[in-house]
Amino acid sequence: MNTYKSILAVGSIALDTLETVNGNRDEILGGSATYFAAAAGLLVPVKLVGVVGNDFPQEGWDLFQSRSINTGNILCQDGATFRWGGKYSPDYSTRDTLFTELGVFENFQPEINETDKSTPLVFLGNIQPDLQSSVAKETAAAEYIVMDTMNLWIDLFPEKVKDVFGLAHILLINHEEAEQITGKIDIGDAATALLEAGPDIVVIKRGSDGAYLALGKKRFSVPVYPIEKVIDPTGAGDSFAGGFMAYLSMHNNPDFLDAVVFGSAMASFCVEGFGVETLISATKENFYNRVSTIKETIVMPHNI
Ligand code: AMP
């Protein structure tokens, strides 16, 4: 039997409305926690912390069950599930938020069962930074606390986002967001500034240009898996986090470059279809094939 470490993940559980050049979708399952769970749950045990309204569809619970996700820390409250709408530019290089309806998320206070507070790995998915801090403080004994964020929270509460930097061991962030919060255009300078802000490890995601890993003075670049066609990039960052943390769950002395390769391979499934549809149909065999392909093309490390 495998003895993989569990991951406790907090984030949004949402119904997403998407507009892309390849088609539209209304109220499909989404949210940072949902993507993370669909991704990491392919390989390792995940416990979700979040909130849904009483309109949350059975399909969502079925998805969690299909990945054996522990839903004991998901609150179901009277009211509407969080809803978000996004529209992509024809080349997918930019995305506009069409609407954000907080619903039950507005007054959400994470409640973590006493026994789950000692979960060894914690993912602070994209949610309001105060909520991330409250989960990080309750799970402070974790081996690794890994965080993500988004431009909205950096716009609204930059200082609170920086507070979370001080509580997390590993930061996963987009290139644009890294530039936004550090003011540094150069990726190396942004990574250095982010390392100085708290985390021991920083991974800057660069969309189709791959990911950049900063570990002390060491820097690595990891390419993406070459897919045929992007259909919907929503949740790619959370899927990346799911692959990255699944690797941490499976390895006692992790090689963080390999963890980034797991992240990159997992994200490649996400973008091939709308919502979680292609992520959920990925198999372990396909996943490890993609890991091998990416490893064959890795650029060797260099010191700055
Ligand atoms: P990503 O593409 O990685 O930015 O993740 C997109 C997911 O984040 C979507 O499924 C949305 O439901 C969710 N999302 C969008 N805005 C927010 C927000 N302000 N807080 C939490 N989750 C959000």
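Heads up: the structure comes first, above all this text.
Rules used in this analysis
- Residues numbered from 1 in each chain as written.
- Predicted model: local features only at pLDDT ≥ 70, side-chain atom pairs only at ≥ 80, totals over all residues.
- Heavy atoms only, no water.
- Helix = DSSP H or I, 4+ residues; strand = E, 2+ residues; numbered from the N terminus.
- Rg over C-alpha atoms; globule rule 2.2 N^0.38 Å.
- Buried < 20%, exposed > 50% of the residue type's maximum accessible area, 1.4 Å probe, protein only.
- Salt bridge = Lys/Arg side-chain N within 4 Å of Asp/Glu carboxyl O.
- Contact = heavy atoms within 4.5 Å.
- Polar contact = N/O pair within 3.5 Å; in protein donor to acceptor, adjacent residues only side chain to side chain.
- Near = heavy atom within 4 Å.
- Areas by Shrake-Rupley, 256 points an atom, 1.4 Å probe, with all protein chains shown as cover.
- Nonpolar A, V, L, I, M, F, W, Y, C, P; charged D, E, K, R; others polar.
- Axes fitted to C-alpha atoms, helices over the stretch in contact; angles between N-to-C directions.
- Parallel < 35°, antiparallel > 145°, perpendicular 65-115°, else oblique.
- Left-handed = near helix turned anticlockwise from the far one by under 90°.
- Core = buried A, V, L, I, M, F, W, Y, C linked by side-chain atoms within 4.5 Å.
- Pairing = 2+ DSSP bridges.

Draft legend 1. Focus on the overall build of the chain. Across its full length, the chain carries eleven helices and 14 strands. Its C-alpha atoms give the chain a radius of gyration of 18 Å, within 12% of the compact-globule value 19 Å for 304 residues. Oriented by its inertia axes, the alpha-carbon framework of the chain measures out at about 55 × 45 × 45 Å. Burial statistics for the chain: of 304 residues in total, 56% are counted as buried.

Draft legend 2. Seen up close, the pattern of salt bridges. Within this structure, the stated rule accounts for twelve salt bridges. As a salt-bridge pair, lysine 117 and glutamate 114 come within 3.0 Å of each other at their nearest N and O atoms. Salt-bridge contacts for aspartate 148 lead to lysine 205; the nearest nitrogen and oxygen are separated by 3.5 Å. Of this pair, aspartate 148 sits in the loop between strand E9 (144-147) and helix H4 (151-156) while lysine 205 sits in strand E11 (residues 201-205); the two residues are 57 residues apart in sequence, bridging distant segments of the chain. Of the two residues examined, aspartate 148 and lysine 205, each falls in the buried class. Here the salt bridges do not stand alone but share partners, grouping Glu27, Asp55 and Arg83 into one network.

Draft legend 3. Spatial organisation of the environment of valine 161. Tracing the backbone through its elements, the reader meets valine 161 in helix H5 (residues 158-165). Accessibility expressed as a relative area gives 0% for valine 161, which makes it buried. Sequence separation of valine 161 and leucine 213 is 52 residues, and the distance between their C-alpha atoms is 20 Å.

Draft legend 4. Fine view of the environment of glutamine 132. With respect to the helices and strands, glutamine 132 occurs in helix H3 (residues 129-138). Put simply, glutamine 132 and phenylalanine 244 are 112 residues apart on the chain and 19 Å apart in space, counted from C-alpha to C-alpha. Other than its neighbours up to four places away in sequence, glutamine 132 contacts Leu124, Gly125, Asn126, Ile127, Met147, Asp148 and Val164. In this structure the side chain of glutamine 132 is engaged in a polar contact, spanning 3.2 Å, whose partner is the backbone oxygen of leucine 124.

Draft legend 5. A look at the site of the ligand. Around the ligand there are 17 residues in total, and Ser12, Asp16, Gly31, Arg95 and Gly235 lie nearest to it. Side-chain polar atom of asparagine 126 to a nitrogen atom of the ligand: 3.5 Å apart, as the coordinates give it. For the ligand, an oxygen atom lies 2.8 Å from a polar atom in the backbone of glycine 235. With the chains in place, 93% of the 500 Å² that the ligand exposes on its own is no longer accessible. Among the secondary structure elements, those contributing two or more residues to the shell around the ligand are strand E2 (14-20), strand E6 (82-88), H4 and helix H8 (236-250). Across the shell around the ligand, the residue classes tally to seven nonpolar, seven polar and three charged.

Draft legend 6. Molecular detail of the packing of helix H1 (residues 32-40) against H8. Interaxial distance between H1 and H8 falls to 7 Å at its minimum, and their mutual angle equals 40°. On the basis of their axis angle, the class for H1 and H8 is oblique. For the element pair H1 and H8, the recorded crossing hand is right-handed. Between H1, through Ser32, Tyr35, Phe36, Ala39 and Ala40, and H8, the contact on the second element is made entirely by Asp238, Ser239, Ala241, Gly242, Met245 and Ala246. Looking at the contact of H1 with H8 residue by residue, the class counts come to seven nonpolar, three polar and one charged.

Draft legend 7. Inspection of the nonpolar core at higher detail. In this structure, Phe244 and Leu248 are the most contacted members of the largest nonpolar core, which totals 61 residues. Excluding residues within four positions of it along the chain, phenylalanine 244 makes contact with Ile170, Leu172, Val203, Phe256, Ala259, Val260, Phe262 and Gly263. Within the second largest apolar cluster, 45 residues are counted, among which are Val104, Val122, Met147 and Ile187.

Draft legend 8. Seen up close, the sheet that holds strand E3 (residues 23-30). The mixed open sheet is built from four strands, whose spatial order is E3-E2-E6-E7. Each having just a single partner strand, E3 and strand E7 (95-101) make up the two edges of the open sheet. Neighbouring strand axes in the sheet, compared pairwise and without regard to direction, differ in orientation by 15° on average. Sheet topology note: the E2/E6 ladder contains six bridges and is parallel. Residue pairing across strands places alanine 14 opposite phenylalanine 82, the latter belonging to E6.

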